[in-house]
Every structure is written in C-alpha cells, then in structure tokens.
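# Observations on chain architecture
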Amino acid sequence: LLTLTKKTALPYGDYVLDICLMKQKRHFFTDFQVFEYVLYTVNETVVSGRNLDFFRLKHEHLYEILDADLLNVDNELEVWLLLRRWILADRKNRLRLFRKLIKSVRYYQLNDKQKEKMNKDLLQMKIDITNENNRQWSSNITPRIPRELLVAIGGWEKTGPSNTVEVLDIKNNIWRRVEAFQDERKVAYHECLVIDKVCCRSYL
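Quick caveat: nothing in here was measured; it's all calculated off a predicted structure. (Residues numbered from 1 in each chain as written. Predicted model: local features only at pLDDT ≥ 70, side-chain atom pairs only at ≥ 80, totals over all residues. Heavy atoms only, no water.)

### A look at the overall build of the protein
The criterion, for reference: Each helix is a run of DSSP H or I of at least 4 residues and each strand a run of E of at least 2, with the numbering of both proceeding from the N terminus. Three exposure classes are used, based on accessible area relative to the maximum for each residue type with a 1.4 Å probe and protein chains only: buried under 20%, partly exposed in between, and exposed over 50%. Residue contacts are counted whenever heavy atoms from the two residues lie within 4.5 Å of one another. The Shrake-Rupley method, run with a 1.4 Å probe sphere, supplies the accessible areas, and residue values consider only the shown protein chains as cover.
When you go through the protein residue by residue, the secondary structure sums to seven helices and seven strands. The order of helices and strands in the protein, counted from the N terminus, is α-α-α-α-α-α-α-β-β-β-β-β-β-β. When each of the 204 residues of the protein is scored for burial, the buried share is 38%. Within the protein, contacts between residues at least 6 apart in sequence are counted, and of these 58% link residues at least 24 apart. Approximately 13,300 Å² of the protein is accessible, and the part contributed by carbon and sulfur atoms is 52%.

In structure tokens:
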C-alpha cells in the first residue's frame, strides 16, 4: 500500500483509508504516495458509486482532500459536487460545517454557468447565499495542478532548429515556455523519452 500510484488498479477502501487518516504533525495523510492516489481517484470513484468510504470521512480529512492543489478534477464545480454529496449524506449533522468546508472550493475559478449551478444547489439546500457569512469564498485563485501535460521540446522554427521547451496547459489551452528545461543545443527531427524522470533525446 505504501507504493500505490495513480495507475494502481486496486480500489481503495477501509484498509487504505485507515492508513491515510492517521494524523501526523499538521497533516492527516502520513504517506504522500497514498495521499496522491486518493487525490487522483477520489472524484471518479465517488461519481461512479464505487467509493462509499468517502461519505464516512471526517470533515477535516475531507477539507484536506478538497483543498489540495493536486486534486484530480476538471473544474471547481466538480469539487463543489463532491462537497455537496458529502453534506447531503448526513445533512442534519453536516450542514453546520458548510462555512468551513466551502473554502475548499476555489469559487473564482468557476465560470458564470458553473456559479449559476452552484448557487442553484445552495438554494435547494436552503443555504441563504444573501448572508455574507455563507459567502466566505476561498481567496485562492490559483488553478489546480493539471495531471496531463503536453510537452514540446525543440523543433523547427523560422530561423532553424530550436532549444525551446513549451508545455501546453490543457485546461486553459495556453502554451507556456519553460526556460528551466532548456539547454544550449538546438534540435529538430529528434526523439525524446523519459527514463527515471530524466528526459533523454536522440538525434538523427
């Protein structure tokens, strides 16, 4: 269990959560690889109905998951829907935790349509969004760290071979130059592969 990765096929249940929820220092997850596995799978497993352990999480554990930069979601509305599911599983006892947990949703990353959906859900849950205390949104405006990246290394430019390295931010559809990965040699018509997290290039 201590070597679980995001590609592991095993569903996580009580056994893994027992390890994850051990408290150490300020973090509830003592093993980063297990925590990363939870962050990678939690949204898909909850939506598919395969993860009932999610609904038994304590609120502080839930917050640590939903607040994480590496949480594997396409947008912040999915974070809200996870939180909503958790609250509605025990509405009577959990609704009072709304103000604390809503800060895990990066509200200012939502588009207008997503905000409309979230506000509609809040009204259905009888949460008064005209009350400023219920609108203490997260001040975190940083996007979640994407799990899939497309990297372009070198290639042909107008002036000839290039040494630029660019990464496509898939969620925002923006190419970003990564100067730290560049080297002096300019290349084109080459192949790249990664061995033990080191990028290697072969030249024709």
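### Side note on the packing of aromatic side chains
Going by this rule: Each Phe, Tyr or Trp ring (for Trp, its six-membered ring) is paired with any other whose centre lies within 6.5 Å, and the angle between the two planes then decides the class: stacked below 30 degrees, edge-to-face above 60, tilted in between.
Evaluation of the coordinates by the stated rule reveals five aromatic pairs. A centroid spacing of 5.7 Å and a plane angle of 85° characterise the contact between tyrosine 107 and tyrosine 108, whose relative ring orientation is edge-to-face. With centroids separated by 5.9 Å and ring planes inclined at 40°, the aromatic side chains of tryptophan 156 and tyrosine 189 adopt a geometry described as tilted. Of this pair, tryptophan 156 sits in strand β2 (residues 156-157) while tyrosine 189 sits in the loop between β5 (174-177) and β6 (190-195), and the two are 33 residues apart along the sequence. Judged by its relative accessible area of 56%, tryptophan 156 is exposed.

### Some points on the packing of helix α3 (residues 59-66) against helix α4 (residues 76-88)
Filter applied, for reference: Fitted lines through C-alpha atoms serve as axes, helices being fitted only where they are in contact, and the angles separating the N-to-C directions of these axes extend from 0 to 180 degrees. The labels follow the angle: roughly parallel below 35 degrees, roughly antiparallel above 145, roughly perpendicular from 65 to 115, and oblique for the rest. Throughout, a crossing is termed right-handed when the near helix is turned clockwise from the far one, and left-handed when it is turned anticlockwise from it by less than a right angle.
Across the interface, α3 lies against α4 with an axial gap of 11 Å and an inter-helix angle of 170°. What the angle tells us is that α3 and α4 run roughly antiparallel. Judged by the twist between their axes, the crossing of α3 over α4 is right-handed. Contact residues: His59, Leu62 and Leu66 in α3; Val79, Leu82, Leu83 and Trp86 in α4.

### Description of the side chain of threonine 164
Put simply, the test is: Think of a polar contact as two N or O atoms within 3.5 Å of one another; within protein, one of them needs to be a possible hydrogen donor and the other a possible acceptor, and neighboring residues in sequence only count if both atoms come from side chains.
Looking at the element boundaries, threonine 164 is found in the loop between β3 (160-161) and β4 (165-169). When its relative accessible area of 9% is taken as the criterion, threonine 164 is described as buried. Looking at threonine 164, its side chain comes within polar contact range of the side chain of serine 162, at 2.9 Å. Setting aside chain neighbours within four positions, we find threonine 164 in contact with Ala152, Ile153, Gly154, Glu157, Arg177 and Gln182.

### Thoughts on the environment of threonine 45
Note that threonine 45 resides in helix α2 (residues 32-47). At 3.0 Å, the side chain of threonine 45 forms a polar contact with the backbone oxygen of threonine 41.

### Describing the packing of α4 against helix α7 (residues 112-124)
Note the cut-off: Amino acid classes used here: Ala, Val, Leu, Ile, Met, Phe, Trp, Tyr, Cys and Pro are nonpolar; Asp, Glu, Lys and Arg are charged; the rest, including Gly, are polar.
At their nearest, the axes of α4 and α7 sit 10 Å apart, and the two run at 15° to each other. Taken together, the axis directions place α4 and α7 in an arrangement best described as roughly parallel. By crossing handedness, the relation of α4 to α7 is classed as left-handed. Between α4 and α7, the residues in contact are Leu77, Trp80, Leu81 and Arg84 and Gln114, Lys117, Met118, Asp121, Leu122 and Gln124, respectively. Considered class by class, the residues forming the contact of α4 with α7 number five nonpolar, two polar and three charged.

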